[in-house]
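Spelled out from the first residue to the last, the chains are:
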Number of protein chains: 2
Amino acid sequence: MSGFGIDHLPYGVFSVDGGERRVGVRFENTVVDLHAATGRPEFLAPSLNAFLALGPEVWRQTREEVAGLVETGVASSPLAEVALHLPIEVADYVDFYASEHHAANVGRIFRPDQQPLLPNWKHLPVGYHGRAGTVVVSGTDVVRPSGQRASTGSTTAGPPAPTYGPSRRLDIEAELGFVVGAPSELGSRVPYDAFAEHVFGVVGLNDWSARDIQAWEYVPLGPFLGKSFATSISHWVTPLAALDAAWCALPDQDPTPLPYLGPGRVRGLDIDVEVVLNGEVVSRPPYRTMYWSPQQMLAHLTVNGASLRTGDLFGSGTISGPEAGERGSFLELSWGGQEPFGDGRTFLEDGDEVALRYSAPGTGGGRISLGDVTGRIAPAR
Amino acid sequence: MSGFGIDHLPYGVFSVDGGERRVGVRFENTVVDLHAATGRPEFLAPSLNAFLALGPEVWRQTREEVAGLVETGVASSPLAEVALHLPIEVADYVDFYASEHHAANVGRIFRPDQQPLLPNWKHLPVGYHGRAGTVVVSGTDVVRPSGQRASTGSTTAGPPAPTYGPSRRLDIEAELGFVVGAPSELGSRVPYDAFAEHVFGVVGLNDWSARDIQAWEYVPLGPFLGKSFATSISHWVTPLAALDAAWCALPDQDPTPLPYLGPGRVRGLDIDVEVVLNGEVVSRPPYRTMYWSPQQMLAHLTVNGASLRTGDLFGSGTISGPEAGERGSFLELSWGGQEPFGDGRTFLEDGDEVALRYSAPGTGGGRISLGDVTGRIAPAR
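Residues numbered from 1 in each chain as written. Chains lettered and ligands numbered in written order. Predicted model: local features only at pLDDT ≥ 70, side-chain atom pairs only at ≥ 80, totals over all residues. Heavy atoms only, no water.

Description of the domain arrangement of chain A
Residue and element names in this part refer to chain A. Segmentation of chain A into domains returns domain 1 (11-85) and domain 2 (93-150 + 158-378). The distance between the C-alpha centroids of domain 1 and domain 2 comes to 28 Å. Domain 1 puts 17 residues into the contact, and the matching count from domain 2 is 18 residues. Summing both partners gives a buried area of about 1,400 Å² for domain 1 against domain 2, and 73% of it is carried by carbon and sulfur. Counting every contact that joins domain 1 to domain 2 gives zero salt bridges. Taken together, the connections running from domain 1 to domain 2 amount to one residue pair in polar contact (both at pLDDT 80 or more). Counting only elements with at least two residues in the side of domain 1 that touches domain 2, the list comes to β1 (11-15), β2 (22-27), α2 (49-52), α3 (56-72) and β5 (83-85). In terms of residue class, the side of domain 1 that touches domain 2 is built from eleven nonpolar, four polar and two charged. (Domains from an automatic or database assignment. Contact = heavy atoms within 4.5 Å. Buried area = accessible area lost by both parts, 1.4 Å probe. Salt bridge = Lys/Arg side-chain N within 4 Å of Asp/Glu carboxyl O. Polar contact = N/O pair within 3.5 Å; in protein donor to acceptor, adjacent residues only side chain to side chain. Helix = DSSP H or I, 4+ residues; strand = E, 2+ residues; numbered from the N terminus. Nonpolar A, V, L, I, M, F, W, Y, C, P; charged D, E, K, R; others polar.)

In C-alpha cells form, the structure reads like this:
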C-alpha cells in the first residue's frame, strides 16, 4: 500500500524539465497532469488557487472525474521525473494552539509556579497571524535564524540585555494545516456548520520555531521573529473528501464553549503523526487528542467578521498527546532543554533533517498517507 | 495650497465609469492616467504592485518623468469623476509598537502597579503580524465586530467566563504605514542602510481595534480578533522621494540598541497627524516623537532571514506624543474609558466617522498632505 491509492488523490503543483508549473493529482507513485487530462484552464497555473476558488461543488465533481480518469487509465508522469512546488499561494496564515496537552506542557515548562493553562484557553481557540510570505514547501532547507535571544531557560522576565546571534534553541512544531478554498464576505462570520463550504483540504505543516528568540520577544504582542523565518508545508493537499472516514470524537469540552463554537458536536480527525529526526522516529503525536476542532478554529477566526480568501492557511498548533512519546515539539520532548531525549538531543543542530509523516483511515478501508513535510537545517548565514 | 502639488505626486489606483482599474498619480485635484500617459503596461493593473516590483531606479526615473509630464501639461481626470481603490495588493501586514508614549500609556492603563514598559521594549521594536486580507481602503465602512469580550476595564486576569456580543470598546489607532516595493531573499537580512532600496513609500493607516476582545484573547500569542476585522489605509501612496525634506532626528535611544539596529543614526519623519471625529479634531499626534525609526523596524523584521515581498505593509503602531492632546487612540484619550474626552466620549459609537489627516514638509518649501484615511462605524450584524 502506497497510501496514495484511488481513495486519496491529493492535489499538488509540478513541473517537468523546468517547464511551466501546473496542477496535478498524485496516484500511487505517479502524477496526473490535470490540464492535459481535462483541458481546464484553472489547472495550467502555478498554484491550486484558481481551482480552489471555484468552490465545493466543482471540487466534488472534479474528484469524481479524476477518479474516473485514473480507473480507466490516464497518462501520468513518474513522481521521480517531476519537480514539486509550493501547492498554494498562501493568502493569510494563522496558527492556532489547539492541543491541551501542548499548551499545558508549555505552561508547566515556562511558568512552573502557575496554573498550566491561562484563563482564556478553554473559552476560545487561541491563535495568531504568522508570516504567509515565508511558507515554504517540503524539502526546502531552513536557514538557522539569528536575532535577539533570551538566555537559556529564561522567560520574558529574564535578563535586561539580550544577546545577539544564531538561535540556540531551534525547534519544530508538528501540526496539521487547513487550506481555505472558497472566500467569505468581510463583515460576516462563517458558521460552525459551513466548514466544508470553505475548507478544501489539509496539508502537513511544520511551524519551525526559535524558542530563545520567541521567549524574549513575545510579550505582549505574541510570537514574531521566533516563527516568521520559515513554515514548511507538504507538497500534497489532501481534499476533505478523502478524509470522510477519519472524523472522530474529540475529548469532551468543559466548560461548554459559547454557541458560535458549536458545543457538543466537537469532531476531529483521527490522523497519526510521526516525527522523524535523521531517520529515527522520535515521537508519535495523535491528532485525535486535540481539544479544539477544525470547525471551531474556523468559526472563531471569522466571528469578528474577518473575511476568508482563497489560499488562506490555518494551522492546528503543535499536536501533542498525553504521553511523553506523543509530544510534537523538541521543547516538550526535552522538557525545556532539561531532559535530553533520543541520543541526548535537546534542540535542532545544523545538518539535522526532520520529516513529519501523517496517516489516516481512508474511505476504502485501508489507510492513506498525507503528504509528508521534510526540512534540513542549514547553518546561520 | 492643496498639499498635492508638483513636490508630492503620490500614486494610487482608480477607475472611471466602472472601467478597468489602473494606476494614477494625483496632481492637485486631478488624477493622471499613467498608462495613457506613458504606455507602460505595469500601469494598466489593479494595484501598484507590478510597478513597485521594478525597484528604486525605476521609481526614481518614473517620478522624474511624471513631474515632466505634469509641468508640460498632460491629460488628467478631475478627482471628483474617478473612483479610487485599494492601492496595493497587500502581501504580509506587520504592525509595530514604536511609540514610547503609546506603549507607556497602555502599560499605565492596563498594569498600573508595574513598570509601564516591559523589559524587552527598549531593546527591540516589538511587532506582530496582522491580517493582510482585511486591509481596506479609506472610505470603507467598518462593521462593529462581535466576539468574546472581557468585562470593561478587566485584563487577562479578568472574569473566568467571557460574554459574547458586539465590541463595546471599539477604537482607532492612528499610524503611519510603510509599503515595501522591492523583495528580498529568504534567509538573508535587509541591513539598516538598505531601507530605501526596498521601501517605496508611506500611507496613512488606521488599525481599528476592539479593546474588550483584545484584552481577553491576547495572552500569550498576541492580538488576533481584536484587530483582524479591518485595517484602513489611504488611497494615496506617497513615495519616499516626496519626503526628502521631512526626515528629522528622533529622541535619543537608551540603552544603545544592538548594532543591526543602526544605533546613533536614528531618524524619523516630521509628519503631523490629526485625528478627526465627526468633523472635530480630537488629537494631534506628532510622528517625530516615535522611539523606533522606520529603518530599525525594517532591519528588525528581517534580521531572522524573513524575506520581503512586493506589497508587504508595515505599520508604525499608534502614534502618541507626550501631551494629552497628542494621543493616537481613544484608549489613551479616555484613559482606559475612565476619563471621557471631547463631548463626553470614551470609545466609538455606531455612525461615528473618523478621519486621520497627515501633513509633512515638502521639498518645495511648503507642506504636502499625505492621503487621509476615513471610515464610518456600521452597526454589528
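Here's the deal with the sheet that holds β2(A)
Residue and element names in this part refer to chain A. Strand order in the open sheet formed by five strands is β4-β3-β2-β1-β5, and the pairing between neighbours is antiparallel. Edge positions in the sheet fall to β4 (77-78) and β5, since each of these pairs with one other strand and no more. Alignment of β1 against β5, held across three bridges, turns out to be antiparallel. In the sheet register, S15 faces β5, and the bridge partner there is A83. Contacts from α3 reach β1, β2 and β3 (30-33) within the one sheet, and its direction differs from that of β1 by about 60°. (Pairing = 2+ DSSP bridges. Axes fitted to C-alpha atoms, helices over the stretch in contact; angles between N-to-C directions.)

Brief notes about the packing of aromatic side chains
One pass over the full model with this rule turns up 28 aromatic pairs over all chains. Relative to W247(A), the ring of F195(A) lies with its centre 6.4 Å away and its plane at 90°, an arrangement referred to as edge-to-face. One end of the pair, F195(A), is in helix α5 (residues 195-198); the other, W247(A), is in strand β18 (residues 247-249), and 52 residues separate them in sequence. For F195(A), a relative accessible area of 4% translates into the label buried. Among the residues examined, W247(A) registers a relative accessible area of 18% and is labelled buried. Site record: aromatic cluster; members linked through ring pairs are F96(A), F178(A), F195(A), W247(A), F314(A) and F224(B). In this structure, R26(A) is placed above the aromatic ring of F4(A), and the distance from its NZ or CZ to the ring centre is 3.6 Å. (Phe/Tyr/Trp six-rings, centres within 6.5 Å; stacked < 30°, edge-to-face > 60°. Buried < 20%, exposed > 50% of the residue type's maximum accessible area, 1.4 Å probe, protein only. Lys NZ or Arg CZ within 6 Å of the ring centre and 35° of its normal.)

Considerations on unusual backbone geometry
The amide bond that connects V219(A) to the next residue, P220(A), takes the cis arrangement and shows omega of 10°. You can see P220(A) is positioned in the loop between α6 (211-217) and β16 (231-233). P255(A) follows D254(A) through a cis peptide bond whose omega is 5°. Within the secondary structure, P255(A) is located in the loop between β18 and β19 (267-269). You will see that W335(A), though not glycine, has its phi angle at about 45°, which is positive. Among the secondary structure elements, W335(A) is positioned in the loop between α8 (330-333) and β23 (353-361). Unlike most non-glycine residues, L9(B) shows phi in positive territory, near 55°. Counting through the fold element by element, L9(B) comes out in the segment before β1 (11-15). Residue class for L9(B) comes out buried when judged on its relative accessible area of 2%.

As for the interface of chain A and chain B
Contact with chain A, which involves 60 residues of that partner, is made by 60 residues of chain B. Of the roughly 5,600 Å² buried between chain A and chain B on both sides combined, carbon and sulfur atoms contribute 60%. Contact with chain B buries area across many residues of chain A, yet R131(A), L221(A) and F224(A) alone supply 15% of it, more than any other trio. For the interface between chain A and chain B, the tally reads four salt bridges. For R381(A), the salt bridge is made with E185(B), and the minimal N-O distance between the two is 3.8 Å. Linking chain A with chain B are 24 residue pairs in polar contact (both at pLDDT 80 or more), by the criterion used here. Mapped onto the side of chain A that touches chain B, the elements with two or more residues apiece are β6 (93-96), β7 (127-129), β10 (146-149), α6 and α7 (294-302) of chain A. Each residue belonging to the side of chain A that touches chain B can be placed in one class, and the counts come to 34 nonpolar, 18 polar and eight charged.

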